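Structure assessment
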Amino acid sequence: MNRAVNNGVPDQVWTGNWVAERLGIELVGDDQLTGLLGLALRRNPKRAHLLVSNVLGKHVPQSPSVVYGAGFALGRRVRELLGDDEAGRAVVLGYAETATGLGHSVADGLGLAPYLHSTRRPIPGIAPAGGFEESHSHATSHVLLPEDPALLAGDGPLALVDDEFSTGNTVLNTVRDLHQRYPRRRYVVVALVDMRSAADAGRLEEFAREIGARVDLVAAASGTVRLPEGVLEKGQELVARYEAESAAMGGPSSAGTSWPIAQFPAPLKGAASAPGARGTARQAPTDPHPDDNPEPYGRITRVDLHWPPGLPDGGRHGFTPSHRIRLENALPAMAARLAEALPEDARRVHILGFEELMYAPLRLARELEQIADTEVRYSTTTRSPVLAVDDPGYAIRTRLVFPAHDAPADGPGERYAYNVAGAGFDAVIAVVDSTADTPELHAPDGLLARLAAHTPHVLLAVVPSYVPEHPLVPERPDMLPEPLRGPAFSSYAPEEVGWLLQDLSDVTLEAPTEEREEAIQSGGAHYAESLPVEYQPSEQYQELFHAALDTSAARIARAVGAVTELVLAERSPRPVLVSLARAGTPVGVLMRRWAEHRHGLDLPHYAVSIVRGRGIDTNALRWLAAHHDPADVVFVDGWTGKGAITRELADALREFEEAEGVSGFDPEIAVLADPGSCVRTYGTREDFLIPSACLNSTVSGLISRTVLRADLVGPNDYHGAKFYRELAGADVSVDFLDQVAARFPEVADAVDALAKELLSAERSPTWEGWAAVERISEEYGIHDVNLVKPGVGETTRVLLRRVPWKILARAGAGADLDHVRLLAEQRGVPVEEVAELPYTCVGLIHPKYTRGATGADGRAVTV
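Predicted, not measured: the structure shown is a model, and the values here were computed from it. Sequence order as written defines the numbering, with residues in each chain counted from 1. Local features in a predicted model are, by the rule used here, given only for residues with pLDDT of at least 70; side-chain atom pairs are given and counted only at 80 or more, and totals for whole chains, interfaces and linings are based on all residues. Only hydrogens and water are set aside when side-chain values are computed; all heavy atoms of the structure are taken into account.

A few words now on the overall build of the protein. In this description a helix means any DSSP run of H or I spanning at least four residues, a strand means any run of E spanning at least two, and both kinds are numbered starting from the N terminus. Looking only at helices and strands, one finds 21 helices and 34 strands in the protein. Only protein chains enter the area calculation, which uses a 1.4 Å probe; residues under 20% of their type maximum are buried, those over 50% are exposed, and those in between are partly exposed. Per-residue burial for the protein yields a buried fraction of 59% across its 863 residues. For the protein, restricting intrachain contacts to residue pairs at least 6 apart in sequence, the fraction spanning at least 24 positions comes to 76%. Only the protein chains shown count as covering a residue, and every accessible area follows the Shrake-Rupley method with a 1.4 Å probe. Summed over all atoms, the accessible surface of the protein reaches about 32,500 Å², with 50% contributed by carbon and sulfur. When checking whether two residues touch, look at their non-hydrogen atoms; a contact exists if any pair is within 4.5 Å.

A separate point is the sheet that holds strand 19 (residues 457–463). Pairing between strands requires that DSSP locate at least two bridges from one strand to the other. Taken in spatial order, the five strands make up an open sheet running 13-19-18-14-15, and their pairing is parallel. Of all the strands in the sheet, the pair left with one neighbour each is strand 13 (300–303) and strand 15 (375–380). Averaged over neighbouring strand pairs, the angle between their axes works out to 25° when direction is ignored. Note on geometry: axes are lines fitted to C-alpha atoms, helical ones only across the stretch in contact, with angles between N-to-C directions running from 0 to 180 degrees.

So, on to the packing of aromatic side chains. Centres within 6.5 Å make a pair out of two Phe, Tyr or Trp rings, where for Trp the six-membered ring is used; the pair is then stacked when the planes are under 30 degrees apart, edge-to-face when over 60, and tilted otherwise. Tallied over the entire structure, the rule returns 12 aromatic pairs. When the ring of Trp18 is compared with that of Tyr242, the centres are 5.2 Å apart and the planes differ by 85°; the resulting orientation is edge-to-face. Of the two residues, Trp18 is situated in helix 1 (residues 17–23) and Tyr242 in helix 7 (residues 231–248); the sequence distance between them amounts to 224 residues. The interplanar angle of 70° and the centroid separation of 6.1 Å between the aromatic rings of Phe319 and Tyr359 together place this pair among those described as edge-to-face. Here Tyr359 lies in helix 9 (residues 359–371) and Phe319 lies in the loop between strand 13 and helix 8 (321–341), a separation of 40 residues in the sequence.

Now for helix 6 (residues 203–211). Listed in full, the buried residues belonging to helix 6 are Arg203, Leu204, Phe207, Ala208 and Ile211. What you see down the axis of helix 6 is that its buried residues fit within an arc of 135°, all on one side. Remark: Gly212 follows helix 6 within two positions and exhibits a positive phi of approximately 70°. Note that the arc is computed from the directions linking the helix axis to the C-beta atoms.

So, on to the pairing of strand 6 (residues 91–94). Burial along strand 6 is two-sided: Val91 and Leu93 and Val92 and Gly94, pointing in opposite directions, are all buried. For the crossover from strand 6 across helix 4 (residues 100–110) to strand 7 (residues 115–117), the handedness is right-handed. For the handedness criterion, the strands are oriented away from the viewer, and a crossover whose path from the first strand over the helix to the second runs clockwise is classed as right-handed.

Tracing the sequence through the fold places Leu759 in helix 18 (residues 744–760). Measuring from C-alpha to C-alpha, the distance between Leu759 and Thr681 comes to 9.6 Å, with 78 residues separating the pair along the chain. In this structure, Leu759 is in contact with Leu566, Ala569 and Glu570, ignoring residues within four places of it in sequence.

Attention now moves to the pattern of salt bridges. Whenever Lys or Arg places a side-chain nitrogen within 4 Å of a carboxyl oxygen from Asp or Glu, that contact is recorded as a salt bridge. Within the structure shown, the criterion is met by 40 salt bridges. In this structure, the salt-bridge partner of Glu86 is Arg186, at a minimum N-O distance of 2.6 Å. Pair noted here: Glu86 is in helix 3 (residues 64–87) and Arg186 is in strand 11 (residues 186–194), with a separation of 100 residues, a long-range link. Using a relative accessible area of 8% as the deciding quantity, one classes Arg186 as buried. Residues Asp313 and Arg316 are paired through a salt bridge, measuring 3.9 Å at the closest nitrogen-oxygen approach. The same class applies to Asp313 and to Arg316, which are both buried.

Moving on, we get to the sheet that holds strand 32 (residues 804–810). Taking strand neighbours across the sheet as the criterion, the four strands line up as 31-34-32-33 in an open arrangement whose pairing is mixed. If you trace the sheet from one side to the other, it starts and ends with strand 31 (788–790) and strand 33 (831–834), each paired once. Direction aside, neighbouring strands of the sheet carry axes that sit 20° apart on average. Sheet analysis places strand 32 next to strand 34 (residues 841–845), joined by five bridges and oriented antiparallel. Bridged to Ala809 within strand 34 is Cys841.

Tracing the chain through its elements places Pro309 in the loop between strand 13 and helix 8. Through-space distance from the C-alpha of Pro309 to that of Pro464 is 8.4 Å; in sequence the pair is 155 residues apart.

Below, the discussion takes up the pairing of strand 15. For a regular strand, the rule is simple: side chains alternate between the two faces of the sheet. Pairing between strand 14 (residues 348–353) and strand 15: six bridges, direction parallel. When the sheet's bridge partners are listed, Val349 is paired in strand 15 with Val376. The handedness of the strand 14 to strand 15 crossover, carried by helix 9, is right-handed.

Our next topic: the packing of helix 3 against helix 4. Between helix 3 and helix 4, whose axes approach to 6 Å, the crossing angle comes to 45°. As judged from the angle between their axes, helix 3 and helix 4 are oblique. Of the two possible hands of crossing, helix 3 and helix 4 adopt the one that is right-handed. Contact residues: helix 3 offers Tyr68, Gly71, Phe72, Leu74, Gly75, Arg76, Val78, Arg79, Leu82 and Ala87, while helix 4 offers Leu102, Ser105, Val106, Asp108, Gly109 and Leu110. The cut-offs work like this: below 35 degrees is roughly parallel, past 145 is roughly antiparallel, 65 to 115 is roughly perpendicular, and the gaps in between are oblique. Left-handed describes a crossing whose near helix is turned anticlockwise from the far helix through less than a right angle; right-handed describes the clockwise counterpart.

If you trace the backbone, Thr455 turns up in the loop between helix 11 (447–452) and strand 19. Whenever a nitrogen or oxygen atom comes within 3.5 Å of another N or O atom, the pair is scored as a polar contact, on the condition that within protein one atom can donate a hydrogen and the other can accept it, and that pairs from neighbouring residues in sequence are kept only if both atoms are in side chains. For Thr455, the side chain forms a polar contact with the main-chain nitrogen of Ala427, separated by 3.4 Å. Each residue touching Thr455, except ones within four places of it in the same chain, is listed here: Phe425, Asp426, Ala427 and Val428.

Right, let's get into helix 9. Spanning 13 residues, helix 9 covers 19 Å between terminal C-alpha atoms, matching the ideal 18 Å at 1.5 Å per step. Among the residues making up helix 9, those that are buried are Tyr359, Ala360, Pro361, Leu362, Arg363, Leu364, Ala365, Glu367 and Leu368. By this rule, a helix spans an expected 1.5 Å times one less than how many residues it contains.

Running from N to C, helix 4 and helix 9 cross one another at 65°; their axes reach a closest spacing of 8 Å. Contact residues: Gly101, His104, Ser105 and Asp108 in helix 4; Tyr359, Leu362 and Arg363 in helix 9. Three categories are distinguished: nonpolar for Ala, Val, Leu, Ile, Met, Phe, Trp, Tyr, Cys and Pro, charged for Asp, Glu, Lys and Arg, and polar for the others, with Gly belonging to the last. Residue composition of the contact of helix 4 with helix 9, grouped by class: two nonpolar, three polar and two charged.

Right, let's talk about unusual backbone geometry for a bit. In this structure, the amide linkage connecting Ala96 to the following residue, Glu97, adopts the cis form with an omega of -5°. Position of Glu97 among the secondary structure elements: in the loop between strand 6 and helix 4. For the bond from Gly486 to Pro487, the omega torsion is 0°, close enough to zero to count as cis. Assignment of secondary structure puts Pro487 in the loop between strand 19 and strand 20 (498–499).

Predicted confidence across the protein gives a mean pLDDT of 82, with 84% of residues reaching 70 or more. pLDDT under 50 marks residues 471–477. Its contacts with residues more than four places away, or in other chains, come to seven contacts. Here residues 850–863 is modelled with pLDDT under 50, and outside its nearest four sequence neighbours on either side it reaches 24 contacts, counting other chains as well. Here pLDDT means the predictor's own confidence in every residue, given as a number from 0 to 100.

With that settled, the discussion passes to the environment of Val707. Turning to its location among the elements, Val707 is positioned in the loop between strand 29 (681–684) and strand 30 (720–721). With a relative accessible area of 0%, Val707 lands in the buried category. Taking the C-alpha atoms as reference, Val707 lies 8.3 Å from Ser609; in sequence the two are 98 residues apart.

Another aspect to go through is the side chain of His719. Its location among the elements puts His719 in the loop between strand 29 and strand 30. Overall, His719 belongs to the buried group, its relative accessible area being 6%.

The following block contains the structure:
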């Protein structure tokens, strides 16, 4: 039997034994690893096991001095690494939700560093300074919302703090995003444990070369997890079996999640407070509803902390050294109020923080630990669903489940508190912010009731939620320009589309493809700050385009008709079509033509700009809201790949609504083709050649990609684009529309049948495309989903505009890939046939591009 080791002395049964014995998992590395980490199981398609930290203060109740000391010690090590001068100019960034308190403690150890953590709670009027997806997470995107926009703009070191550094994807993607906006010379990655595999060990150094900055790593311990073959499937089977047992024991079905919940009565068998207590391994039974156990419920004592006015409750919007001084001065009196409120006979007290609110409860717990004659433990609630098993060799012994109580941006859901039930606490102090002090918190099935079923005394301390005052912004003009129209801007007829853009035709924006790629990947420029040189196809390629159009026109017409019928049936009888420029514009024009052909409707149609990582043009949204009912607006695009723009639009519209108070815009995009399964309004989910993807501006009204650059686009301007009038001789934009529209009469019956089928079908997105892209990114060693472009349309774009590395083609793919093969041949790009590919093809952008790069495998790179 393995035992945990603390400071070289065996302490108790290792809380990873249960998982290790059943799945054959090994934790290999520094001696202190088993003291720092336990193991648990969760339902996850990538990794069934979960590393559970014993010193983080999230899932495992721990002495607050241990939790705070672990982070503070890491901060001291960062200070030693940087030296006093650089440490004095550093900024610390932590990750929500798990590492918010850890990051804050690191900042304390560093000394004079301001602190910011990412958040999943958007604030109206606060513009994000950055954001990112946590691809492995069950939760939503993170955003950075500093009250002072200059917080991240300095040139001092940036320390990024997370509890675990495994593949490094989340941290490195964050650095890549921030480096584009706020470049600096040095970064320090800080983690409690460095658990990288041998394959990932060299990525940090490669990444540093890629962005041209120094990147260091500081961790309390290092090691790796050895996984036997088939461990994922075995883990999933084990989770499923224990969940089934829980359901058979009467566990609730947990609507809104994919697996049953397990909640536990007190006292929990085998979960005595003494270290090393043994118990029987079993799935714990269902927590009784408070109505079935009315005696403990209702004994809630509210404690007024007298929190200092105007003091931030944490680092969500920034926490400065002066804030830290105010908190230090106030902590003794606040802890004294908690001590006074505790019952005299309380010998074991637990302070329970709330999701991202980790630091304030931690500091209160540590102060209480120093002044009260009681044993104090600390942990917080969490979004993360984890299987609980009653065994001392398993890290998650008990689980309380309760509804979210802070009106989260992504909607209602379940939240969890682990290892609190059955732990023998005489009192639990729940510390939440005022945003979370809601009726849901106090409901019969809420957190306080769940706690009251397991401890004689529940106290509630509420910290005021800090919301920055809205920053002063220049007053914008009341009148926004009217849309641009052809023939002055674009080769489309004026009634076909109005462009909510500004004309930058007289500005030189083009750069060689290789130069752009190097700048984009190094973080020196965003892709929307310049334009690729317009590719002019060879005669052979133009012949391919026309041949493809001849063979696919009817297929496209059928998809156009189907998606338009869905929009008319489900969205609005008179929709306002708003294409995402520029790939969506030809589709929007065709949808407008179908509505006129079949229903006699004259639908308004506009084109607006959306930029990955920067959001949608908010001035265009303001114009639309002033001239149309937002509820009638239907956003249109050509196709989905991995769904990045789908997510970008949803986030941008939510931020716009919160900032502007304008509601009603529906983030659901209508697309011609949805091979990525990212939307529910589509004409087809087949991945086939849409000829408008074969060319650039010459099939899109002679309009360039949209441009967003600070020196050209001011806060009151639309995003920009160019009109390539000089390419009129090669323009096939109207020919493309006319050939497809000519097939409308012959596909009418087929459209009726297809629309009827789709309207009655289950069309919920499965996000298969996103999952496939993540898998391909890792399998091919790219480690950046932005460099994987799935589907025929996106692959074509890679070959036309980027520096392609290789093309993956589904084995047996036919004429739909003729143009891809020709372009690949002309550019010297290998095409690799893959037996099982969810798309017809996938384009891979050169993952380590510099203009000195050599080698088709992308690994021989001259720096």
